[in-house]
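# A structural walkthrough
These are the residues of each chain, in order.
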Amino acid sequence: MKKYDYVIVGSGLYGAISAYELTKRGYTCLVLEKRNHIGGNIYTEKLEGINVHKYGAHIFHTSDKELWDYINQFAEFNNYINSPIAIYKDELYNLPFNMNTFSKLFNIKTPQEAKDIIEKEKKESYVENPKNLEEQAKNLVGQTIYEKLIKGYTEKQWGKKCEELPSFIIKRLPVRFTYDNNYFNDRYQGIPIGGYTPIIEKMLEKSDVLLNTDFFENKEKYLSMGKKIIYTGPIDAYYDYCFGPLEYRSVRFETEVLNMENYQGNAVVNYTDYNVPYTRIIEHKHFEYAVSPKTIISKEYSSKWKLGDEPYYPVNDEKNSDLYQKYQELASKETNVHFGGRLGQYKYLDMHNVIRSALDFIKKEVE
Ligand code: FAD
Ligand code: UDP
């Protein structure tokens with residue numbers, strides 16, 4: 001007896017978009033969620049009139065107009081532009097690396113002066129084929145920026161020395177010779193007014209949703225309830241870790257309500273000194289220009305992950321990529337189970353990547 005066309009494991013963005021697109025076309029969906037709320041890691045919760053990003057700051061950004069229009073059907077977005085501040089010891093800099101950063105670091109004014117200094121530093125430490133993050137970072141920005149703004153933050157974030165980390169991690173950071181503090185190069189950016197949770201609520205409107213329900217507690221029963229399964233949990237868990245667990249990086253969030261209007265004057269402040277135990281402090285009200293006599297901050301402590309902890313960042317190094325490949329081979333043989341999302345695909349996907357990936361899957365599925 002197949003009660004539903006689809007059983008969807010996980011109510012994060014991937015699961016919710018799948019549910020929305022399928023129910024829109026008349027298919028029936030049951031969504032299982034092991035947490036006590038929907039939304040996965042983009043879940044926001046209102047506290048003291050402020051939408052708190054419960055699992056870390058989420059800024060929507062994309063250059064794809066189609067995706068921007070797609071997400072805007074579920075919410076109106078504000079015009080927030082992410083411009084983090086970096087604090088290193090008692091020095092304060094703008095991010096990403098741009099003329100504001102360089103003028104403060106080197107006491108210069110023009111792009112040519114900045115380029116001369118950075119090019120000189122890059123030459124001094126240049127490595128032909130960068131093999132790790134340290135070599136890659138120095139090739140990109142030279143010694144001074146590496147030491148003050150990259151090394152400590154990255155080693156805290158990943159719990160490994162920069163010499164042991166793959167270079168692709170650092171390719172995400174823009175370097176600009178203009179006075180432009182926009183962290184992203186994307187054409188469209190913002191925060192949904194009212195937070196992310198109402199978006200997911202709308203997507204799940206026509207589905208049956210069971211919270212506090214772990215798929216693995218009754219795997220055979222749930223498998224038998226759907227003609228097809230869309231699984232967005234960790235792929236290794238689905239196969240009972242038969243090749244061993246994939247590695248993740250976890251984060252501990254310490255959230256406090258403060259009896260003051262404005263704590264740090266910016267939504268995101270990164271602490272790039274290794275000796276400060278947290279990587280960054282988020283002050284949630286600045287994402288949405290909220291007016292409140294109180295403020296809410298979250299300190300992010302990057303931490304070692306062990307089985308049972310929330311998996312946040314997949315560690316896409318060679319060892320884990322090889323291991324994922326083995327699980328992926330098993331997954332490719334499945335006829336009625338589809339693996340999607342950041343955990344199902346073991347890939348660091350931003351929200352816009354998740355939407356694209358889910359829409360592509362649904363297109364194939366319903367054609
Ligand atoms: P998830 O949100 O992880 O959803 C998976 C769901 O499955 C979860 O709700 C989980 O509880 C559920 N689940 C797992 N196993 C089971 C089970 N056995 N039974 C039932 N349910 C199960 N992206 C951006 O675009 N911009 C940002 O600024 C940004 N910042 C981020 C900051 C942090 C700290 C992190 C960790 C991520 C950030 N991201 C950001 C990425 C963004 O969170 C993801 O793209 C998105 O949330 C992925 O959605 P998903 O559905 O694939 O996964
Ligand atoms: N990074 C850094 N200094 C910073 C911010 C980021 O060196 O102040 C590096 C770090 O290695 C991090 C990577 O850039 O893992 C990507 O950072 P981003 O902010 O894009 O990642 P997020 O953690 O928000 O996904």
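Placed above this text is the structure.
Residues numbered from 1 in each chain as written. Chains lettered and ligands numbered in written order. Predicted model: local features only at pLDDT ≥ 70, side-chain atom pairs only at ≥ 80, totals over all residues. Heavy atoms only, no water.

## Focus: the site of ligand 2
Close to ligand 2 lie 17 residues; Leu 149, Thr 154, Tyr 183, Asn 270 and Tyr 348 are nearest. One of the side-chain nitrogen or oxygen atoms of Trp 158 is found 3.0 Å away from an oxygen atom of ligand 2. A distance of 2.8 Å separates an oxygen atom of ligand 2 from a polar side-chain atom of Tyr 183. Calculation on ligand 2 without its partners gives an accessible area of 520 Å², and the protein chains cover 92% of this total. Its residues assigned to classes, the shell around ligand 2 comprises eleven nonpolar, four polar and two charged. (Near = heavy atom within 4 Å. Polar contact = N/O pair within 3.5 Å; in protein donor to acceptor, adjacent residues only side chain to side chain. Areas by Shrake-Rupley, 256 points an atom, 1.4 Å probe, with all protein chains shown as cover. Nonpolar A, V, L, I, M, F, W, Y, C, P; charged D, E, K, R; others polar.)

## Some words on the layout of surface pockets
Computed from the structure, the second largest pocket encloses a volume of approximately 240 Å³. Lining the second largest pocket we find 19 residues, and of these Ala 331, Glu 334, Val 337, His 338 and Phe 339 sit closest to its centre. When contributions to the lining of the second largest pocket are tallied by element, the ones reaching two or more residues are β10 (226–231), α9 (318–332), β16 (337–339) and α11 (351–366). The element that contributes the greatest number of residues to the lining of the second largest pocket is α9, accounting for four residues. (1 Å grid on protein atoms, 1.4 Å probe; cavity = no way out; pocket = protein on both sides within 12 Å on 5 of 7 lines; lining within 4 Å. Points joined across faces, edges and corners; volume = space filled by probe spheres on them. Helix = DSSP H or I, 4+ residues; strand = E, 2+ residues; numbered from the N terminus.)

## Brief notes about the site of ligand 1
Around ligand 1, a shell composed of 33 residues is seen, among which Glu 33, His 58, Ile 59, Leu 349 and Met 351 lie nearest. At 2.7 Å, a side-chain N or O of His 58 approaches an oxygen atom of ligand 1. Within the contact set of ligand 1, a nitrogen atom lies 3.1 Å away from a backbone nitrogen or oxygen of Phe 215. For ligand 1, whose accessible area on its own is 1,000 Å², the fraction buried by protein is 97%. Sorting elements by how many residues they give to the shell around ligand 1 places helix α10 (residues 341–344) first, with three residues. Within the shell around ligand 1, the residues separate by chemical class into 18 nonpolar, nine polar and six charged.

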